[in-house]
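Notes for the structure review
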Amino acid sequence: MSEAQHTPLPSALLLMGAGKMGAAMLQGWLKTGLPGKSVTIIDPRPSDHVTALADAHGCAVNPDTATIGPQDVLVIAVKPQMLDAAAGMLRQVASSNTLIISVMAGKTIADMRSRLPQCERFIRAMPNTPAAVGRGITGMAASESVSAVERSVATRLLSGIGKVEWLRGEHEIDMVTAVSGSGPAYVFYLVECLAKAGAAAGLEPDLAMRLARATIEGAGELLHQDAAAASTLRENVTSPGGTTAAALAVLMADDGLAPLMRHAVDAAKRRAAELAG
Ligand SMILES: NC(=O)c1ccc[n+]([C@@H]2O[C@H](COP(=O)([O-])OP(=O)(O)OC[C@H]3O[C@@H](n4cnc5c(N)ncnc54)[C@H](OP(=O)(O)O)[C@@H]3O)[C@@H](O)[C@H]2O)c1
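Rules of the game
- Residues numbered from 1 in each chain as written.
- Predicted model: local features only at pLDDT ≥ 70, side-chain atom pairs only at ≥ 80, totals over all residues.
- Heavy atoms only, no water.
- Domains from an automatic or database assignment.
- Contact = heavy atoms within 4.5 Å.
- Buried area = accessible area lost by both parts, 1.4 Å probe.
- Salt bridge = Lys/Arg side-chain N within 4 Å of Asp/Glu carboxyl O.
- Polar contact = N/O pair within 3.5 Å; in protein donor to acceptor, adjacent residues only side chain to side chain.
- Near = heavy atom within 4 Å.
- Areas by Shrake-Rupley, 256 points an atom, 1.4 Å probe, with all protein chains shown as cover.
- Nonpolar A, V, L, I, M, F, W, Y, C, P; charged D, E, K, R; others polar.
- Buried < 20%, exposed > 50% of the residue type's maximum accessible area, 1.4 Å probe, protein only.
- Helix = DSSP H or I, 4+ residues; strand = E, 2+ residues; numbered from the N terminus.
- Pairing = 2+ DSSP bridges.
- Right-handed = clockwise from strand over helix to strand, strands pointing away.

1. Remarks on the domain arrangement of the chain
- In terms of domains, the chain is made up of domain 1 (3–173) and domain 2 (183–275).
- Distance between the C-alpha centres of domain 1 and domain 2: 33 Å.
- At the junction of the two partners, domain 1 supplies 5 residues and domain 2 supplies 5 residues.
- Note on domain 1 versus domain 2: buried area summed over both sides is about 360 Å², and carbon and sulfur give 49% of it.
- When residues of domain 1 are sorted by the area they lose upon contact with domain 2, Gly 106, Thr 129 and Arg 135 head the list and together hold 76% of the total.
- Along the contact surface separating domain 1 from domain 2 lie 1 salt bridge.
- Among the ionic pairs, Glu 221 bridges to Arg 135, the shortest N-O distance being 3.5 Å.
- For the interface between domain 1 and domain 2, the tally reads 0 residue pairs in polar contact (both at pLDDT 80 or more).

As structure tokens, then:
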């Protein structure tokens, strides 16, 4: 059991924004033992799923702000453009002891600090969409005043939606965004490309799509279940002079997939930096 799993969970946590990512986190927290009574959810239109979870576990949903006590942890999961609209309420429920965890893309710790001047402890987290099935990965960076215990609390909370990696600093968030934040879309596009190539090779398009989709699902599951390096798994299915080797000679050529992926990741990283201003 990791050190974070022994860290006590917060006794008062407020989730601001219970959309796709907020709901995934909420589900993860409740599954991993956070008592629903310690959770307050703020969202103008909570989904049926969130309402059902909140009802089943006794979470407070949109209570009168005046009745919300001091919070140990605030998790901000609104769209970045909604931060200003949410900041007034956040200021009312946050104190200098509150740990602020934001998953907002493109909003820096400095952006949050300027909206919440009374707060000192900020964590910026970048999860990804497989969080919805508990198989995400989140890169996290903390401001200097965040303690080791608070990092463990954040690790425990974000572990509810998958794996957690601590970064050397906030400057790495844009790189994490470019690799794992945007990465699921690259994999979905790979499915599309493989299916189109199968159809171009003569397969019926629907069959080509079923083959491509199941191949990526299965390969992902193998990666999940087998700790071997990706290169080892690749080599294990590549016989010298065989069909896979013929395809890989194209993909691994100097002008193949590797330089293309470098360009793609670089483009995402530059865009993340632009969006963060
Ligand atoms: N989805 C991902 O894979 C992913 C990955 C990494 C980071 N993120 C970050 O996670 C954040 C949320 O993304 P999402 O995909 O979950 O978006 P989303 O589904 O649109 O969720 C945002 C939620 O916040 C609610 N909201 C709007 N204004 C609010 C306010 N003032 N106070 C409280 N709640 C408010 C929205 O309600 P309405 O819909 O009624 O406006 C919505 O339910 C974003 O900042 C995004 O950058 C998401």
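The rest of the description comes next.
2. Considerations on the site of the ligand
- Contacts to the ligand come from 22 residues, most closely from Met 21, Asp 43, Arg 45, Val 78 and Ala 105.
- In the model, an oxygen atom of the ligand is placed 2.6 Å from a nitrogen or oxygen of the Val 78 main chain.
- Between the ligand and Ala 105 there is a distance of 2.9 Å, counted from an oxygen atom to a backbone nitrogen or oxygen.
- Protein contact buries 80% of the 880 Å² of open area that the ligand shows by itself.
- Partitioning the shell around the ligand into residue classes produces 15 nonpolar, 3 polar and 4 charged.

3. Overview of the pairing of strand β7 (residues 136–142)
- Counted residue by residue, β7 has 5 buried out of 7 residues, so it is predominantly covered.
- Pairing of β7 with strand β8 (residues 162–166), which is carried by 5 bridges, proceeds in the parallel orientation. Counterpart to Met 140 in the pairing with β8 is Trp 166.
- Handedness of the β-α-β unit built from β7, helix α6 (residues 148–158) and β8 comes out right-handed.

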